[in-house]
Amino acid sequence: MATKNAPAKAPTLPLNQIIAGDCIEVMNALPAGSVDLIFADPPYNLQLKGDLHRPDNSKVDAVDDHWDQFSSFAAYDKFTRDWLAAAKRLLKPNGAIWVIGSYHNIFRVGSALQDQGFWMLNDVVWRKSNPMPNFRGKRLTNAHETLIWASRDEDSKYTFNYEALKELNDGVQMRSDWVIPLCTGHERLKDDNGDKAHPTQKPEALLHRVLIATTHPGDVVLDPFFGTGTTGAVAKMLGRDFIGIEREEAYRKAAHARIERVRRFDASALEITGSKRAEPRVPFGQVVERGMLRPGEELFSIGNRFKVKVRADGTLIGNDVKGSIHQVGAALEGAPSCNGWTYWHFKRDGKMVPIDLLRQQIRAEMEADQGRPH
């Protein structure tokens, strides 16, 4: 009697791991059609000529690492075509890709994306509220970077959580210009010498918005240029699985330590939904994006009568009620309206603090930025 060979097992995805090696080789070794979303922050190919100094003659810690250097535009274009081809092979039929870059490279990458058959969905301008000045005074201050969002194919049924992004933006349709600060303060990783662990570390708020917009909990997100792991850290917090590829050992070490410290939010906090003022408008979602309040954190009403939880898209959820900070407060009070900013409080050091304090902090930063010369 003839025996049948057992069917070959499909390769197992290395979920929630950081893989050492060349991104093209690693991607080509992974199973095709296995990834929901790719977020790529490739080398910018800055081609810097000499050191950059501030007016006081101190040296700027610019991007001059070997991984950002290519012998020619032709060499960079070939590298771009090769990694994009590997990326497209990995995406599921309804998958999508985000690529971020500066004016040095994003136009070349955009052309390569279209040549590979990706379908452009949006370009997004990330406007940095705290950009590095132009020290030489020879050009405009470079205050933004560009992201390209594209589906794998023209007919891909890609994920777009429109309502969640609208809630994240205080009930207003999200636009394609995003004002988010550079990665600074406690979020900026440092090496043993106190220097930046990575010269172009992206803020978690940026990845929070990308993943809330274009993935669901349980989706697989691949980052082929993992660096110090911003994509992995935010994916873990938001209940997504990640795969990171990084060839530099120092970055892998920093990313691993960072992600180990991250707590995954509970399932209820990860659910997402499908007034005009003279002062700068601050969506409550921005408080969540920037980590001033975390998904799953509890808020308390005036008088401590009601308790709700913050969700990842900036909405609240309580007993039989969910919605914006204003809608939930009004529903619980049985009132036609409610100013959620003054109604809801969070606990710090045993004290009740109104969430409006966080809005005031963001407004102060916005006003200081508007008054700062660029």
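An unreviewed UniProt entry lists the chain under the name Methyltransferase, from Fuscibacter oryzae. Under the UniProt heading Sequence similarities (unreviewed entry), the note attached to the chain is "Belongs to the N(4)/N(6)-methyltransferase family." In its Catalytic activity (unreviewed entry) section, the UniProt entry covering the chain states "a 2'-deoxyadenosine in DNA + S-adenosyl-L-methionine = an N(6)-methyl-2'-deoxyadenosine in DNA + S-adenosyl-L-homocysteine + H(+)".

Engineer: Please clarify how a nonpolar patch on the surface should be interpreted in this entry.
Structural biologist: Residues Tyr158, Phe160 and Tyr162 make up a contiguous nonpolar surface patch of about 260 Å² in total accessible area. Among the structural elements, Phe160 can be located in the loop between strand 5 (144–151) and helix 4 (162–168).

Engineer: How should I be thinking about unusual backbone geometry in this particular structure?
Structural biologist: In this structure, Asn16 is a non-glycine residue whose phi angle is positive, near 55°. Asn16 sits in the partly exposed class, given a relative accessible area of 35%. You will see that Asp320, though not glycine, has its phi angle at about 60°, which is positive. With respect to the helices and strands, Asp320 occurs in the loop between strand 11 (316–318) and strand 12 (321–323).

Engineer: Whenever I open this one, the environment of Lys347 confuses me. Can you help?
Structural biologist: If you trace the backbone, Lys347 turns up in strand 13 (residues 345–348). Note: C-alpha distance between Lys347 and Phe300 (47 residues apart in sequence) is 8.2 Å. Lys347 has contacts with Phe300 and Met352, leaving out every residue within four places of it along the chain.

Engineer: Sorry, what's going on with the packing of aromatic side chains here?
Structural biologist: Given two aromatic rings, one states the distance between the centres and the angle between the planes to describe the pair. Considering all chains together, one arrives at eleven aromatic pairs under this definition. Each ring, one from Trp149 and one from Tyr158, has its centre 5.4 Å from the other, and the planes form 85°; the classification is edge-to-face. Overall, the relative accessible area of 34% leaves Tyr158 in the partly exposed class. Aromatic side chains Phe284 and Trp341 sit 5.8 Å apart centroid to centroid with 70° between the ring planes, which places their arrangement in the edge-to-face category. Of this pair, Phe284 sits in helix 9 (residues 284–289) while Trp341 sits in helix 11 (residues 340–343), and the two are 57 residues apart along the sequence. Each member of the pair, Phe284 together with Trp341, is buried. Members of the aromatic cluster, joined through ring pairs, are Trp98, Trp149, Tyr158, Phe160, Tyr162 and Trp178. Over the aromatic face of Phe118 sits the side chain of Lys88, whose NZ or CZ is 5.5 Å from the ring centroid. In this structure, Lys128 is placed above the aromatic ring of Trp126, and the distance from its NZ or CZ to the ring centre is 5.2 Å.

Engineer: Looking at this model, I keep getting lost on the side chain of Asn169. Mind explaining?
Structural biologist: In this structure, Asn169 sits in the loop between helix 4 and strand 6 (177–180). You can call Asn169 buried: its relative accessible area is 12%. Beyond its immediate chain neighbours, meaning those up to four positions away, Asn169 contacts Met174, Arg281 and Pro283.

Engineer: Whenever I open this one, helix 7 (residues 249–260) confuses me. Can you help?
Structural biologist: An α-helical turn contains 3.6 residues, so a residue and the one three or four places further along point in the same direction. For helix 7, spanning twelve residues, the distance from its first C-alpha to its last is 17 Å, which sits close to the expected 16 Å at 1.5 Å a residue. Within helix 7 the residues assigned to the buried category are Tyr251, Ala255, Arg258 and Ile259. Viewed along the axis of helix 7, the buried residues span an arc of 90°, placing them on a single side of the element. Opposite the buried face of helix 7, at more than 90 degrees from it, the exposed residues are Glu249, Ala250, Lys253 and Glu260. Contacts made by the buried residues of helix 7 are with strand 1 (17–20), helix 5 (204–214), helix 6 (230–237) and strand 8 (241–246).

Engineer: How do you make sense of the side chain of Glu297 when you look at a structure like this?
Structural biologist: Structurally, Glu297 can be placed in the loop between helix 9 and strand 9 (298–300). In terms of polar contacts, Glu297 uses its side chain to reach the side chain of Arg348, at 2.6 Å. Here Glu297 is in contact with Val308, Lys309, Val310, Phe346 and Arg348, once residues within four sequence places are set aside.

Engineer: Any chance you could explain the confidence of the model for the chain here in plain terms?
Structural biologist: The predicted structure's coordinates, where accompanied by low pLDDT, should not be read in detail. Overall, the prediction assigns the chain a mean pLDDT of 86, with 83% of residues at 70 or greater. This model gives residues 48–64 a pLDDT under 50, and the stretch forms 25 contacts once residues within four places in sequence are excluded.

Engineer: Looking at this structure, how should I read the nonpolar core?
Structural biologist: Nonpolar side chains in soluble globular proteins tend to end up buried together. Within the largest apolar cluster, 38 residues are counted, with the highest numbers of intra-cluster contacts made by Trp98, Leu147, Trp178, Leu206, Val210, Leu211 and Leu238. When residues in this core are grouped by element, the largest group, seven residues, is from helix 5. When neighbours within four sequence positions are excluded, Trp98 is seen to be in contact with Leu37, Ile38, Phe39, Ala40, Val124, Leu147, Ile148, Trp149, Trp178, Val210 and Thr214.

Engineer: Please explain the pattern of salt bridges as it appears in this structure.
Structural biologist: Pairs can form between side chains of opposite charge whenever their charged atoms are close. Tallied over the full model, the rule gives 19 salt bridges. Linking Glu145 and Lys128 is a salt bridge whose minimum nitrogen-to-oxygen distance equals 2.8 Å. Of this pair, Glu145 sits in strand 5 while Lys128 sits in strand 4 (residues 119–128), and the two are 17 residues apart along the sequence. Classification of Lys128 as buried rests on a relative accessible area of 10%. Here Asp266 and Lys309 are joined by a salt bridge, their closest N and O atoms 3.8 Å apart. Put simply, Lys88, Arg152 and Asp153 are held in one network by salt bridges that share partners.

Cut-offs used in this document
- Residues numbered from 1 in each chain as written.
- Predicted model: local features only at pLDDT ≥ 70, side-chain atom pairs only at ≥ 80, totals over all residues.
- Heavy atoms only, no water.
- UniProt positions renumbered as here; feature names shortened; annotations may be inferred.
- Patch = residues over 30% accessible without salt bridge, like charges linked within 9 Å, V, L, I, M, F, W, Y side chains within 5 Å.
- Areas by Shrake-Rupley, 256 points an atom, 1.4 Å probe, with all protein chains shown as cover.
- Salt bridge = Lys/Arg side-chain N within 4 Å of Asp/Glu carboxyl O.
- Helix = DSSP H or I, 4+ residues; strand = E, 2+ residues; numbered from the N terminus.
- Buried < 20%, exposed > 50% of the residue type's maximum accessible area, 1.4 Å probe, protein only.
- Contact = heavy atoms within 4.5 Å.
- Phe/Tyr/Trp six-rings, centres within 6.5 Å; stacked < 30°, edge-to-face > 60°.
- Lys NZ or Arg CZ within 6 Å of the ring centre and 35° of its normal.
- Expected span 1.5 Å × (residues − 1).
- Arc of directions from axis to C-beta.
- Polar contact = N/O pair within 3.5 Å; in protein donor to acceptor, adjacent residues only side chain to side chain.
- pLDDT = per-residue confidence, 0-100.
- Core = buried A, V, L, I, M, F, W, Y, C linked by side-chain atoms within 4.5 Å.

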